[in-house]
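An overview of the molecular structure
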Amino acid sequence: MASVSVDEAMRRAITLAARGLGTTSPNPVVGCVLLDPDGEIVGEGFHAYAGGPHAEIVALAQAGKRARGGTAVVTLEPCDHTGRTGPCSHALIAAGVARVVIAVPDPNPVASGGAATLRAAGIEVTTGVRAEEAEAGNIAWLTSMRRGWPYVIWKYAATLDGRSAAADGSSMWITSEAARIDVHALRGTVDAVIAGVGTVLADDPRLTARNLRDGTLAIRQPLRVVVDSSGRTPADARVRDGAARTWIATAAEVGAGPDGRVDLPALLAELHHRGVRAALLEGGPRLAGAFLAAGLVDKVVGYVAPKLLGAGPTALLDAGVTTIADAIDLELTDVTQVGPDLRITALPRKREA
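Residues numbered from 1 in each chain as written. Predicted model: local features only at pLDDT ≥ 70, side-chain atom pairs only at ≥ 80, totals over all residues. Heavy atoms only, no water.

Observations concerning the layout of surface pockets
Here is the rule: Using only the protein atoms, space was sampled on a 1 Å grid; points where a 1.4 Å probe fits but cannot get out form cavities, open sets with protein on both sides within 12 Å along at least five of seven lines form pockets, and lining residues are those with an atom within 4 Å of a point. Grid points are joined across faces, edges and corners, and a volume is the space filled by probe spheres set on the points. Residues are grouped as follows: nonpolar covers Ala, Val, Leu, Ile, Met, Phe, Trp, Tyr, Cys and Pro; charged covers Asp, Glu, Lys and Arg; every other residue, Gly included, is treated as polar.
Each pocket or cavity is described by its volume, and for the second largest pocket that value is around 860 Å³. Lining the second largest pocket are 30 residues; nearest its centre among them are Val297, Asp298, Pro348, Arg349 and Lys350. Looking at the lining of the second largest pocket, its residues break down into 16 nonpolar, five polar and nine charged.

Structure representation (structure tokens):
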């Protein structure tokens, strides 16, 4: 096999890391590529599931003795603590690698310190290689660990004129089956799906990740969270059907904000405590507005159908905007056609202090 550069190896490691999206939480996604002293790939791996072997351990097992004197290229700083698995920093030292190349430092104070341990053992450590790309692939976990609450994605579906339902309340189906399949794939990448009690009362959603073609449930299901200030979720609501874990988050349990409703920052802090690193906010328009007004949305994913209704509920209600100068500006990062619909991905721009 031909030798590869460290930059090429890091690109490969980032691709490997993405294979763990949706299955590693509350751990990060990590990829690792091991090069022998001649620059040939002798081992590679990714973190597949929480409690399983880390990316470095998988790559070292493949490489065996060929790792000695080589280079480990890893998307996240090797862990330096013993949890459900041992410290990867020690494993790399024991394997005799000469150099470790890291894209992003570990912000978790419990696990960080691997780079310092490696340097103390005489191993050359380089950081920051393809850091922006590696960060983007692990953005939910990194963001969550740095600030103490989950990365929140607001997902909505609407017509071209912004309606989420017709004037009579009917909304099945605004978007195509292709778009709905895409949404279920998105659900499979997060740890929790959040909806307001109004959506539960109006639509009785399951909020599960499913294969729409045959109705089967995905093996891993996100936590279903119903934001229900006064406990109005019916006993026979489908979110209580046992298909996935469900938390009915009330103001009495979580705490109430000034408006008497569930305190949203407190809700997110509790979700982080429960191991949620990425959450999908799905409904409804009032809850979405409250999240946006509080600056708690990290990404917007909108499915826009080529339809016009002219009347009916809108996809978003009060988000704290009273004048055009206060509009929530978004940076478009992707526009993709999904069936007949458009999937628009955008990031809220940070407001200047």
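Some remarks on unusual backbone geometry
The cut-off we apply is this: The way it works is that DSSP assigns letters per residue, a run of H or I at least four long becomes a helix, a run of E at least two long becomes a strand, and they are numbered from the N terminus. In this scheme, a residue with accessible area under 20% of its type's maximum is buried, one over 50% is exposed, and one in between is partly exposed, where area comes from a 1.4 Å probe on protein chains only.
Each neighbour pair has its own omega, and for Ser25 with Pro26 the value is 10°, a cis peptide bond. For Pro26, the position within the fold is in the loop between α1 (6–17) and β1 (31–35). The omega torsion across Gly283 and Gly284 is -5°, close enough to zero to call that bond cis. As for its placement among the helices and strands, Gly284 is situated in the loop between β10 (278–283) and α11 (285–293). Notably, Arg130 is not glycine yet its phi reads approximately 50°, a positive angle. Note that Arg130 resides in the loop between β5 (124–127) and α5 (131–137). The exposure class assigned to Arg130 is partly exposed, which follows from its relative accessible area of 28%. For Leu207, which is not glycine, the phi dihedral falls at a positive 60°. In this structure, Leu207 sits in the loop between α8 (197–203) and β8 (223–227). The buried category is assigned to Leu207, whose relative accessible area is 3%.

So, the pairing of strand β12 (residues 330–338)
To keep it simple, the criterion reads: For two strands to be treated as a pair, DSSP must find no fewer than two bridges joining them.
Pairing of β12 with strand β13 (residues 341–348), which is carried by eight bridges, proceeds in the antiparallel orientation. From the neighbouring strand, Leu332 faces β13, where its bridge partner is Ala346.

Looking at the pattern of salt bridges
Applied cut-off: Between Lys or Arg on one side and Asp or Glu on the other, a salt bridge is scored when a side-chain nitrogen of the former is within 4 Å of a carboxyl oxygen of the latter.
Going through the model one piece at a time under the given rule, you end up with 17 salt bridges. Between Glu40 and Arg66 there is a salt bridge, with the nearest N and O atoms lying 3.5 Å from each other. Of this pair, Glu40 sits in the loop between β1 and β2 (41–46) while Arg66 sits in the loop between α2 (55–63) and β3 (71–76), and the two are 26 residues apart along the sequence. Note on Arg66: relative accessible area 43%, which makes it partly exposed. Among the ionic pairs, Glu253 bridges to Arg274, the shortest N-O distance being 3.6 Å. Note that Glu253 is positioned in helix α9 (residues 251–254) and Arg274 in the loop between α10 (264–273) and β10, a separation of 21 residues in sequence. For Arg274, a relative accessible area of 38% corresponds to the partly exposed category.

Concerning the pairing of β1
β1 sits mainly inside the fold: five of its five residues count as buried. Side chains Gly31, Val33 and Leu35 of β1 all project onto a buried face; the interleaved residues Cys32 and Leu34 project onto the opposite face, where all are buried too. Pairing between β1 and β2: five bridges, direction antiparallel. In the strand pairing of β2, Val33 is matched with Glu44.

Quick look at α2
Inclusion rule: Note: the arc covers the axis-to-C-beta directions of the helix. When checking whether two residues touch, look at their non-hydrogen atoms; a contact exists if any pair is within 4.5 Å.
Restricting attention to buried positions, one finds in α2 the residues Ala55, Glu56, Ala59, Leu60 and Ala63. For α2, the buried positions fall inside an angular range of 125° around the axis, keeping them on one side. On the buried face of α2, the contacting elements are β1, β2, β3 and α3 (88–95). Positive backbone phi, approximately 60°, marks Gly64, located one or two places after α2.

Quick notes on the sheet that holds strand β6 (residues 151–159)
Note the following rule: The axes used here are C-alpha line fits, helices contributing only the stretch in contact, and every angle between their N-to-C directions lies in the interval 0 to 180 degrees.
On the basis of which strands lie adjacent, the open sheet formed by eight strands has the order β9-β8-β7-β10-β6-β11-β13-β12 and mixed pairing. Each edge of the open sheet carries a strand with a single partner, namely β9 (246–249) and β12. Each adjacent strand pair in this sheet contributes to an overall mean axis angle of 20°, direction not counted. In this sheet, β13 lies alongside strand β11 (residues 299–305) in antiparallel orientation, the contact comprising five bridges. Each residue of the ladder has a partner; that of Val301, found in β13, is Thr345. Its contacts with the sheet place helix α6 (residues 139–147) against β6 and β10, and it is angled at close to 130° to β6.

Describing the packing of aromatic side chains
The condition that has to hold: Two rings from Phe, Tyr or Trp (for Trp, the six-membered ring) form a pair when their centres sit within 6.5 Å of each other. Planes less than 30 degrees apart are called stacked, planes more than 60 degrees apart edge-to-face, and all others tilted. Counted as over-ring charges are cases with an Arg CZ or a Lys NZ within 6 Å of the ring centre that also lie within 35 degrees of the ring normal.
What the rule picks out here adds up to one aromatic pair. Stacked on the ring of Trp247, the Lys or Arg Arg274 has its end atom at 3.9 Å from the ring centre.

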